[in-house]
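Examination of the molecular architecture
So the chains spell out like this:
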Protein chains: 2
Amino acid sequence: MTDDLRARAEELDARDPLRARRDDFLPMGDVVAYLDGNSLGRPLRAAQEQLAAFVEGPWADRLIRSWDEGWMDWPSLVGDQLGRVCLGAAPGQVVVADSTTVLLYKLARAAVDARPDRREVVVGSDDFPTDRYVLEGIARERGLTLRWVDTDADLGVTLEHVAAAVGPATALVVLSHVSYRSSYVADLAAVAAVVHEAGALLLADLCHSVGVLPLSLDAWGVDLAVGCGYKYLNGGPGAPAFAYVRAGLDVQQPVWGWMGRADPFAMAPGYQPAPGTRQLVSGTPPVLAMVPLRAALDQLEQVGVAAVREKALQLTGFALALADAWLEPAGVRVASPRDPALRGGHVTLCREDFRAVTAALWERGVVPDFRNPDGIRIGLAPLSTSFAELYDGMAVLRDLAT
Amino acid sequence: MTDDLRARAEELDARDPLRARRDDFLPMGDVVAYLDGNSLGRPLRAAQEQLAAFVEGPWADRLIRSWDEGWMDWPSLVGDQLGRVCLGAAPGQVVVADSTTVLLYKLARAAVDARPDRREVVVGSDDFPTDRYVLEGIARERGLTLRWVDTDADLGVTLEHVAAAVGPATALVVLSHVSYRSSYVADLAAVAAVVHEAGALLLADLCHSVGVLPLSLDAWGVDLAVGCGYKYLNGGPGAPAFAYVRAGLDVQQPVWGWMGRADPFAMAPGYQPAPGTRQLVSGTPPVLAMVPLRAALDQLEQVGVAAVREKALQLTGFALALADAWLEPAGVRVASPRDPALRGGHVTLCREDFRAVTAALWERGVVPDFRNPDGIRIGLAPLSTSFAELYDGMAVLRDLAT
């Protein structure tokens, strides 16, 4: 059966319409299998080239003139590209700035400040830590109550959970589109409808879906969203994040900076928010740090997220087939949805000794990551990961775990 | 006299102990004179080399393992280097993160939240816009009163101004160390004493002094400080900023993120701030964006800020000599202190037509910046600027303005 699986990996690679895209990435030295593209995407060759060109040209040569020659617009320019390529968002609703955490703070504060008569925020008790911590801080400073949604760790916050939690006191629901643990995909359109029915706002955390799942934020009626630039978007460690605010939603974020003011270089007295999402930008935009992100968006725009999703489904499906064949007999539990429609770009496998197994995998050049208490996440970045690479990495896991 | 001044520029360059450092920077194409290093510092060759090496090595090759192999500590590692080289701050008090605006929000909120019985914040009405706007936002959300200090635009907020403004209602004084307009240098030690006498906290904005003036934050008794990475620190457009909190000051900032939590990878329920300044870090640190900043700090550490200050005094002094000889007869007003001890790294020259003159200068390859309503700032980055370059740039200004 092992030989059959190897042959299947080779066949899947041979038929993979994205296989040539792997050569767009820089080599990864002694790594046998990189299975953590959902935590830190690999760098494109174009990212390195464009960084060098950026330093020599717009920075070294044009210097301060580059602000007039384009840099000022990068938050919206890159935001609009992200909206078009990945988010299903018409222009003017997305900016690139800050970190996910800081943008989450800005948008969650903007939302609860826009609903002062409502005193509850709904969030999953197993949601990504920074989401929980940011909301705890906001709840404390604004005197709000957090209504925690407890869920099965193998799943995520479902429509039913949300429907049971929202009510007339709900100001805001914060929800991960794809669970960082289980890979469970929430139905954002259905959730948005339920949240709006209750008169509340929906803030989606897209960190684990942007760039790997097609999104239709405008069509789904999502109010607010944030996401990360360094996972499937390959923007590099600590890349700037992004924020989405749907057209027509009038909210104001609390960090009033000069770059989010109308006519910033007037440097005039009194803050006046810039029109639209530009007000979300507070300080000087992280222009240099957006260069790798732009290279990655260009690649994604050529390929299309639909093709990426198609390969993601095949990769996660193949990972499950390998897990079933090799690991389930050894007591490894699949902690991700079996239904492809409910599964994002990674697959989580659990066993109580997997912390130690992760360390042993790293020593063997197989690099997934580990999430407390017992999960190995097999993160599958479709543009950079081959089926043979997945097979090879899982084979080492099999050798260590059985 | 013009020939005398040319000879003086050549002599100053010949005697400049830092002259070889100019070769550390990438060339700037067709620019005759770059006189805006106080707005965007030029890139070091080392920054470009280290970016390429970073992308190929720690990012492409070590991948996610780099977080364990050092990246997690970069905010404090680079912060401590900055503290040692530039700030006069012992280890553990400085982190690199976010933008100046976001860090200003965090620290100002931390300060006013720590003094809930005091309802006033003192700030200069002509201070840098983002400082004013951030404080306006905080005042609105916390129900505080801003006590604006009006000053002569050619000077800045002095000790006397602060002494007259603080009182038993003052929670916080926010003060630029060097005025972005006039270049006036505040006496932070004396101001800190007056602020503390009133029972308030002092937050210093170091954007226009860090890297060009020796600072002694610990010795001066400054409570909190923020500053920018892309001016004299040459970190590139939108480089991460830094925050200082003096040892022993127990404050909590409002943006509670996973990277500022104790034991972040436990991903446990409930936010617990990390010890010390680490709690100031909210989201994933902007590691890639810190690479050019590290290259610049290495250069500054070799040279020492005292030598940079010495050359800054000579450069600004020479700029004033040129202005006196060439421009004052043409109605140009020097809007910076004559006393070298009160002057930072730039010199501001004003005339009502200087907006148009700035545009003409740019066309001639001379690049200062313009500040409303009538000021050309001659920014003099001592590590990258020669006296001949300053002479050449000012000569073009003379030709355009007389």
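Analysis parameters
- Residues numbered from 1 in each chain as written.
- Chains lettered and ligands numbered in written order.
- Predicted model: local features only at pLDDT ≥ 70, side-chain atom pairs only at ≥ 80, totals over all residues.
- Heavy atoms only, no water.
- Helix = DSSP H or I, 4+ residues; strand = E, 2+ residues; numbered from the N terminus.
- Expected span 1.5 Å × (residues − 1).
- Buried < 20%, exposed > 50% of the residue type's maximum accessible area, 1.4 Å probe, protein only.
- Least-squares fit on C-alpha atoms with pLDDT ≥ 70 in both.
- Contact = heavy atoms within 4.5 Å.
- Axes fitted to C-alpha atoms, helices over the stretch in contact; angles between N-to-C directions.
- Parallel < 35°, antiparallel > 145°, perpendicular 65-115°, else oblique.
- Left-handed = near helix turned anticlockwise from the far one by under 90°.
- Nonpolar A, V, L, I, M, F, W, Y, C, P; charged D, E, K, R; others polar.
- Pairing = 2+ DSSP bridges.
- Salt bridge = Lys/Arg side-chain N within 4 Å of Asp/Glu carboxyl O.
- Buried area = accessible area lost by both parts, 1.4 Å probe.
- Polar contact = N/O pair within 3.5 Å; in protein donor to acceptor, adjacent residues only side chain to side chain.
- Right-handed = clockwise from strand over helix to strand, strands pointing away.
- pLDDT = per-residue confidence, 0-100.
- Phe/Tyr/Trp six-rings, centres within 6.5 Å; stacked < 30°, edge-to-face > 60°.
- Arc of directions from axis to C-beta.

**Concerning helix α13 (residues 387-401) of chain B**
All names here are of chain B. With 15 residues, α13 extends 20 Å from end C-alpha to end C-alpha; this agrees with the ideal 21 Å at 1.5 Å per step. Burial within α13 is extensive, with 12 of its 15 residues counted as buried. Among the residues making up α13, those that are buried are Phe387, Ala388, Glu389, Leu390, Tyr391, Gly393, Met394, Ala395, Val396, Leu397, Arg398 and Ala401.

**Details of the relation of the copies chain B and chain A**
Between the two copies, chain B and chain A, the superposition gives an RMSD of 0.0 Å; the rotation angle is 180° and the shift along the axis is 0.0 Å. Both chain copies can therefore be described as sitting about a two-fold axis. If distances are taken from each C-alpha of chain B to the rotation axis, the shortest is found for B:Ala289, at 2.7 Å. A share of 100% of the interface residues of chain B reappears at the interface of chain A, consistent with the copies meeting face to face through the same patch.

**Observations regarding the packing of helix α5 (residues 100-113) of chain B against helix α6 (residues 129-142) of chain B**
All names here are of chain B. Where α5 meets α6, the closest approach of the two axes is 10 Å, and the angle between their N-to-C directions is 40°. If you check the angle between α5 and α6, you find them oblique. The handedness of the crossing between α5 and α6 comes out as right-handed. Every residue of α6 that contacts α5 at Thr101, Leu104, Tyr105, Ala108, Arg109, Val112 and Asp113 is listed here: Thr130, Asp131, Val134, Leu135, Ile138, Glu141 and Arg142. In terms of residue class, the contact of α5 with α6 is made up of 7 nonpolar, 2 polar and 5 charged.

**Concerning the pairing of strand β8 (residues 241-245) of chain B**
All names here are of chain B. Of all 5 residues in β8, 5 are buried, a share of seventy percent or more. Of the strand pairs in this sheet, strand β2 (residues 94-97) and β8 are connected by 4 bridges, and their pairing is antiparallel. When the bridges of β8 are listed, Val95 appears paired with Ala243.

**Focus: the pattern of salt bridges**
All names here are of chain B. For the coordinates displayed, the defined rule picks out 44 salt bridges over all chains. When the shortest N-O distance is used, the salt bridge between Glu10 and Arg6 registers 3.2 Å. Pair noted here: Glu10 and Arg6 are both in helix α1 (residues 2-15), with a separation of 4 residues, about one helical turn. Note on Arg6: relative accessible area 25%, which makes it partly exposed.

**A short note on the interface of chain B and chain A**
Residue-level contacts link 80 residues of chain B with 80 residues of chain A. Counting each side, the surface lost to burial between chain B and chain A is near 6700 Å², with a carbon and sulfur contribution of 66%. Our enumeration of links across chain B and chain A arrives at 6 salt bridges. A salt bridge links B:Asp30 to A:Arg65, with the nearest nitrogen and oxygen atoms 3.8 Å apart. Our count for the contact surface shared by chain B and chain A stands at 35 residue pairs in polar contact (both at pLDDT 80 or more).

**Thoughts on the pairing of strand β4 (residues 145-149) of chain B**
Residues and elements named next belong to chain B. Pairing geometry for strand β3 (residues 120-124) and β4, over 5 bridges, is parallel. Residue Val121 lies in a different strand from β4, and its bridge partner there is Leu146. Between the parallel elements β3 and β4, the chain passes through α6 in a crossover that is right-handed.

**Here we look at the sheet that holds strand β9 (residues 333-334) of chain B**
Residues and elements named next belong to chain B. With antiparallel pairing, the 4 strands of this open sheet are ordered in space as β9-β10-β13-β12. Looking at the sheet topology across the chains shown, the edges are occupied by β9 and β12 (369-371). Sheet topology places strand β10 (residues 346-350) next to strand β13 (residues 375-379); 5 bridges connect them, and they run antiparallel. For Val347, the partnering residue across the bridge sits in β13 and is Ile378. Running over the sheet, helix α11 (residues 305-327) touches β9 and β10 and is turned about 20° from β10. Against the sheet, helix α12 (residues 354-363) engages β10, β12 and β13, with an angle of about 45° to β13.

**What to know about the confidence of the model for chain A**
Here chain A shows a mean pLDDT of 96. Residues at 70 or above account for 100%. Scoring of the predicted complex yields 0.98 for pTM and 0.97 for ipTM.

**Thoughts on the packing of aromatic side chains**
Using the criterion set out here, one finds 21 aromatic pairs over all chains in the structure. Centroid distance A:Trp326 to A:Tyr391: 5.2 Å. Interplanar angle 75°. Geometry classified as edge-to-face. Placement of the pair is A:Trp326 in helix α11 (residues 305-327) and A:Tyr391 in helix α13 (residues 387-401), with a sequence separation of 65 residues. Looking at A:Trp326, the relative accessible area reads 7%, which means it is buried. Judged by its relative accessible area of 7%, A:Tyr391 falls in the buried class. With a centroid separation of 4.8 Å and 15° between ring planes, the pair formed by B:Trp256 and B:Tyr271 is classed as stacked.

**A short note on helix α12 (residues 354-363) of chain A**
Residue and element names in this part refer to chain A. Listing the buried residues of α12 in full gives Phe354, Val357, Thr358 and Leu361. The buried residues of α12 occupy an angular sector of 105° when projected down its axis, which confines them to one face. Residues Ala356 and Glu363 are exposed on α12 and point more than 90 degrees away from its buried face. Tucked into the core, α12 has its buried residues touching β10 (346-350), β11 (366-367), β12 (369-371), β13 (375-379) and α13. Phi for Gly365, located one or two positions after α12, is positive at around 80°.

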